[in-house]
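Letter by letter, the chains look like this.
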Amino acid sequence: MAAAASPLWGLHYLYRVLFFFWQFCILLGDGELKSIKDPGPLSTFTVVPRAADTSTEIPPYVMKCPSNGLCTRLPADCVECATNFSCVYGKPVTFDCTVKPSVTCVDQDFKSQRNFIINMTCRFCWQLPETDYECSNSTSCMTVSCPRQRYPANCTVRDHIHCLGNRTFPKMLYCNWTGGYKWSTALALSITLGGFGADRFYLGQWREGLGKLFSFGGLGIWTLIDVLLIGVGYVGPADGSLYI
C-alpha cells in the first residue's frame, strides 16, 4: 500500500506546485496590465519660445554716409530736413535737419551730434546749374543738325548738393555726345586727300565719298567747299556725334 500511494502523493505534490505557479502568473499579469493602464502622473514640459533675433539690417543709405564726419557735409540721403517751400527763390535759407538712424556725425568741435542747421539757396532741384547734377546720355540723336536736336534725359542731383523737391527729375537736353571723330583729322584729310573723298570716308559718309572719288573731287570745286564746311564744323560725322 505504501508503495502504491507514493506515486499518487508525488502527482498530488506536482499538481499543487503547478497550481501555485499558475496563480503567480495570473497575479503578475494583472500587475503589468495595471502598470500599462495607469502610467501615473505625466511629466509636463514648458516650451520656452526662442528669443527673437534682435539684429537689424543696415539701411542702404548708410553706404553713402561717411562715419564721424561733419554733419553739415553729409549727403542729402543721410539727413532729413524740415524744408519750407514758401521761401524766396534765390535767397539764402536755413533748415533744421536730423541725421537718419544708423548715421553718426560730429559738429565743429568733434562732438557727436544729431540735430543741426544747414544753409542753402532756396531753389528746386531742377533749377540747379548743370554742374550740380548728372544726366543720362543719348547716342541716338543728331548733334549736328539745324535746329539742334534735344532728347529726354533723367537727371540726378549730386550727393553733396541740397535742394528742394525731388532729387531725380526729367529734363530736355541738347544732343551732346561724341563717337571719337577728331576735327583736326577730318580737316587734314579734306585738305590733302579731299579730291579722293578721304574726308567723307573718314566721317562715315561713304556715298559722298564715292561721289568725290569718281568725280575727282567735283573737279576740285567740291573739295574746296568741303574744306570750308569741315573747317567751320558744318559737316560732321555721319552718326550725328560731335568732334573731339
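Everything discussed here concerns the structure shown above.
All values reported here derive from a predicted model rather than from experimental measurement.

## Description of the packing of aromatic side chains
- Tallied over the full model, the rule gives three aromatic pairs.
- Judged by centre distance (5.4 Å) and plane angle (75°), the rings of Tyr133 and Phe169 are edge-to-face. Remark: Phe169 occurs in strand 8 (residues 168–174) and Tyr133 occurs in strand 6 (residues 133–135); sequence separation between them is 36 residues. Comparing Tyr133 with Phe169, the two get one shared label, buried.
- Relative to Tyr202, the ring of Tyr181 has its centre 5.7 Å away and its plane inclined at 85°; by these criteria the two rings are edge-to-face.

## Observations concerning the side chain of Thr223
- Residue position: Thr223 is located in helix 6 (residues 221–232).
- Ignoring anything within four residues of it in the chain, the contact list for Thr223 reads Ser190, Gly194, Gly195, Lys212 and Gly217.

## Considerations on the packing of helix 4 (residues 206–214) against helix 6
- Where helix 4 contacts helix 6, the two axes come as close as 10 Å, and the packing angle between them is 140°. In terms of axis orientation, helix 4 runs oblique to helix 6. Contact residues: Glu208, Gly211 and Lys212 in helix 4; Trp222, Thr223 and Asp226 in helix 6.
- Looking at the contact of helix 4 with helix 6 residue by residue, the classes come out as one nonpolar, two polar and three charged.

## Let's talk about the environment of Cys78
- The residue Cys78 is located in the loop between strand 1 (69–70) and strand 2 (79–81) in this model.
- Note: C-alpha distance between Cys78 and Met63 (15 residues apart in sequence) is 9.5 Å.
- What Cys78 contacts, discounting residues up to four positions off in sequence, is Tyr61, Lys64, Cys65, Val99, Lys100 and Val103.

## Description of the sheet that holds strand 3 (residues 92–99)
- With antiparallel pairing, three strands are arranged side by side in an open sheet as 2-3-5. Edge strands, defined here as strands with exactly one partner in the open sheet, are strand 2 and strand 5 (115–121). Neighbour-to-neighbour, the strand axes of the sheet open up by a mean angle of 40°, direction not taken into account.
- By the bridge criterion, seven bridges tie strand 3 to strand 5 in an arrangement that is antiparallel. Each bridged residue has a counterpart across the sheet, and for Pro92 the counterpart in strand 5 is Thr121.

## So, the sheet that holds strand 8
- What the three strands build is an open sheet, ordered 6-7-8; its pairing is antiparallel. Each end of this open sheet is capped by a strand with a single partner; those strands are strand 6 and strand 8. The sheet shows a mean angle of 40° between the axes of neighbouring strands, direction not considered.

## So, unusual backbone geometry
- One non-glycine residue, Ser102, lies in positive phi territory at about 75°.
- Relative to the elements of secondary structure, Ser102 occurs in the loop between strand 3 and strand 4 (105–106).
- On the basis of relative accessibility, which here comes to 52%, the residue Ser102 falls in the exposed class.
- Unusually for a residue other than glycine, Leu219 sits at a positive phi of about 55°.
- Within the secondary structure, Leu219 sits in helix 5 (residues 216–219).

## Overview of the nonpolar core
- Ranked by size, the top nonpolar core spans 19 residues in total, and within it Leu74, Val93, Phe95, Val99, Val103, Phe116 and Leu164 carry the most contacts.
- Elements supplying a minimum of two residues to this core: strand 3 and strand 5.
- The dominant element in this core, judged by the number of residues it contributes, is strand 3, at four residues.
- The contact partners of Phe95, leaving out residues within four places of it in the chain, are Cys81, Ala82, Thr83, Asn84, Phe116, Ile117, Ile118, Met120 and Leu164.
- Counting 13 residues, the second-largest nonpolar core is a separate cluster that includes Tyr133, Ala153, Cys155 and Leu173.

Cut-offs and rules
- Residues numbered from 1 in each chain as written.
- Predicted model: local features only at pLDDT ≥ 70, side-chain atom pairs only at ≥ 80, totals over all residues.
- Heavy atoms only, no water.
- Phe/Tyr/Trp six-rings, centres within 6.5 Å; stacked < 30°, edge-to-face > 60°.
- Helix = DSSP H or I, 4+ residues; strand = E, 2+ residues; numbered from the N terminus.
- Buried < 20%, exposed > 50% of the residue type's maximum accessible area, 1.4 Å probe, protein only.
- Contact = heavy atoms within 4.5 Å.
- Axes fitted to C-alpha atoms, helices over the stretch in contact; angles between N-to-C directions.
- Parallel < 35°, antiparallel > 145°, perpendicular 65-115°, else oblique.
- Nonpolar A, V, L, I, M, F, W, Y, C, P; charged D, E, K, R; others polar.
- Pairing = 2+ DSSP bridges.
- Core = buried A, V, L, I, M, F, W, Y, C linked by side-chain atoms within 4.5 Å.

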